[in-house]
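If you want the building blocks of each chain, they are given just below.
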Amino acid sequence: MDEYLVGVLSNIAVLGLVALSAYLLLLVGALSFGQQAFFGIGGYAAGIATALWSWSLIPALVWGAAIGGLAATALAAPTLRLRGVYFAVASLAFAEMTRIALELFRYRIEVDGDLRGPDGTQGFREIRCVFENGITPGEYLLILCAVLAVALVLFAWMERSRLGVALRMIGTDPELAAVQGVPVTRFRVLAACASGMLAALGGGLYAHLTTYVEPRNVDVMLGVHAVAYGLIGGLGTAFGPLLGVIFDIGLLEGTRWFAGFRMIVFGGLVALVLALRPRGILDERAVHQITRIFRGKA
Amino acid sequence: MKREWNEALVTAIALVMTSSPVLAQERARAENSPTPAKEKARATVSCSAGAEKLTYECRIELLGAKSGTPVTGADVTVGADMPSMPGAHNVKPVKATPTGEPGAYKAKLALEMHGEWALKITVTGRVRDVVIHRMRFD
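Read on for a plain summary of the structure. (Residues numbered from 1 in each chain as written. Chains lettered and ligands numbered in written order. Predicted model: local features only at pLDDT ≥ 70, side-chain atom pairs only at ≥ 80, totals over all residues. Heavy atoms only, no water.)

## Some points on the nonpolar core
Put simply, the rule reads: For this analysis, a nonpolar core means a set of buried residues of the types Ala, Val, Leu, Ile, Met, Phe, Trp, Tyr and Cys, connected via side-chain atoms within 4.5 Å. When accessible area is computed with a 1.4 Å probe and restricted to protein chains, residues below 20% of their type maximum are described as buried, those above 50% as exposed, and intermediate ones as partly exposed. Secondary structure follows DSSP: runs of H or I at least 4 residues long count as helices, runs of E at least 2 residues long count as strands, and numbering of each begins at the N terminus. We call two residues in contact when some of their heavy atoms are within 4.5 Å.
If you look at the biggest cluster of nonpolar residues, it comprises 72 residues, and the most contacted ones within it are A:Leu20, A:Tyr140, A:Phe155, A:Leu205, A:Tyr229 and A:Ile249. With 16 residues, the top contributor of residues to this core is helix H1 (residues 3–27) of chain A. Every residue in contact with A:Leu20, bar those within four places of it in the chain, is listed here: A:Leu148, A:Ala151, A:Leu152, A:Phe155, A:Leu198, A:Ala238 and A:Pro241. Judged by nonpolar contacts, the second largest core, of 27 residues, contains B:Ala74, B:Met82, B:Trp117 and B:Val123.

## Brief notes about the sheet that holds strand S5 (residues 104–110) of chain B
Residues and elements named next belong to chain B. The condition that has to hold: A pair of strands is considered paired only if DSSP assigns at least 2 bridges between the two. All axes are obtained by fitting lines to C-alpha atoms, using only the stretch in contact for helices, and the reported angles, taken between N-to-C directions, cover 0 to 180 degrees.
Pairing in this open sheet of 7 strands is antiparallel, and the strands run S1-S2-S5-S4-S3-S6-S7 from one edge to the other. At either margin of the open sheet sits one strand with a lone partner, and together these are strand S1 (41–49) and strand S7 (129–137). Along the sheet, successive strands turn relative to each other by an average axial angle of 25°, direction set aside. As paired strands, S1 and strand S2 (residues 55–64) are joined by 9 bridges and run antiparallel to one another. In the sheet register, valine 45 faces S2, and the bridge partner there is isoleucine 60.

## Overview of the interface of chain B and chain A
What counts is decided by this rule: Accessible area that two parts lose when put together, with a 1.4 Å probe and added across both, is what the buried area reports. By definition, a salt bridge exists where a carboxyl oxygen of Asp or Glu is found within 4 Å of a side-chain nitrogen of Lys or Arg. We define a polar contact as two N or O atoms separated by no more than 3.5 Å, with the added condition that, inside protein, one atom must be a possible hydrogen donor and the other a possible acceptor, whereas residues neighbouring each other in sequence contribute only through side-chain atom pairs.
Contacts between chain B and chain A engage 39 residues on the former and 51 residues on the latter. Across the chain B to chain A interface the summed buried area is about 3,900 Å²; carbon plus sulfur atoms make up 58%. Counting across the interface, chain B meets chain A through 6 salt bridges. We note a salt bridge from A:Asp114 to B:Lys40, for which the minimum N-O separation is 2.7 Å. At the junction of chain B with chain A, the criterion picks out 12 residue pairs in polar contact (both at pLDDT 80 or more). At the level of secondary structure, the elements contributing two or more residues to the side of chain B that touches chain A comprise helix H1 (2–32), strand S3 (75–81), strand S4 (91–98), strand S6 (115–124) and S7 of chain B. A per-element tally of the side of chain B that touches chain A places H1(B) first, with 12 residues.

## Description of the state of the cysteines
Under the convention used in this document: In what follows, a disulfide is any cysteine sulfur pair within 2.5 Å.
Within this structure, the stated rule accounts for 1 disulfide over all chains. Each sulfur in the disulfide pair B:Cys47 and B:Cys58 lies 2.1 Å from the other. With the S-S dihedral at roughly 110°, the linkage between B:Cys47 and B:Cys58 falls on the right-handed side. One end of the pair, B:Cys47, is in strand S1; the other, B:Cys58, is in strand S2, with 11 residues separating them in the sequence. Left unpaired, A:Cys129 is separated from the closest cysteine sulfur, that of A:Cys145, by 19 Å. Judged by relative accessible area, A:Cys129 falls into the buried class, the value being 13%.

Fair warning: the whole summary comes from geometry, so function is off the table for now.
As structure tokens, this is what we get:
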């Protein structure tokens, strides 16, 4: 497969995980502009595990996801009671705090005669586990696709379960959900934890894909895009955010039809979709209609 | 409907399982291949604006990180990613060609926008390495 195509598909898979993490929070009515914080935390944690502690890839990714989940839970516990824009601002503030903390973070130790590890604003290079094990970009793409597929299957299962119904109830009307006996706070914190884990997993995979992660990766742009993917693709199904990523990275970026104007086109598209379809292309109604067609009840 | 979800689950598990043998095969291939040189590369990069908008002519000097000797006869590929939006602005990797001077290579990059980029220089041959070089393009 063409090297560029492999790169584009790999990016779609990584950003798909971050988009799913923002989508999970949108389901419970929380708008987060801070998913990049967990992406960065996951990237650094998994990178430290393989590059400095010589862990193998899978335990390192699990470790990164766990640290991301822990950080998300720590943020969610005091802030998820905030509504709408207040939670969005809190999540953004947390992400900026994380970015600045990573700019100050230095943890360098000697590995094989070289000094390695996070070096403040210079970032964290030499995350070479994938490269040194001879895993080709094509094979790494397979791993990324497998992780994304597992995440999508888990979402599909969750959305058809009572948990999924409860999460959507919380997102629609938390007071009504509480009256119905849904433990609103507990489920919100659970969703935040899972969302942090997903974003951190994306960060860990990205760090090993590029061999490099740095504080600038924890930029607000990533958080805004993560939310925008869900809003464009639709909030009716977990395939919605993925559709948003495919549209942006696959079509706008991959084809380079719009070259330097891509971000303007993307911004305009978000505004247009929000005006015409406030819950995205694959919103609940569209998903319901598609499901009926597949069941032969159209 | 339940059967469809089961099929989706089986497909996902199959994907995970198929990726494992591929990795094992690759590892075995790497073990049987001649030991790659352990030395890493150090890169010095300078770029100047090209004739077309957002194109840059880059000169890459590769030296052995420890020996300091020029890395000659290597296959060098240059890609770029924008750190502020990881994975979203991907530059099509281009092959760098030797300039004739020892350890010096040149490549023409076509970026999507101005700003800070992380160049990913992949070196294969006598030295096998990935070097990240961050620089600003205005």
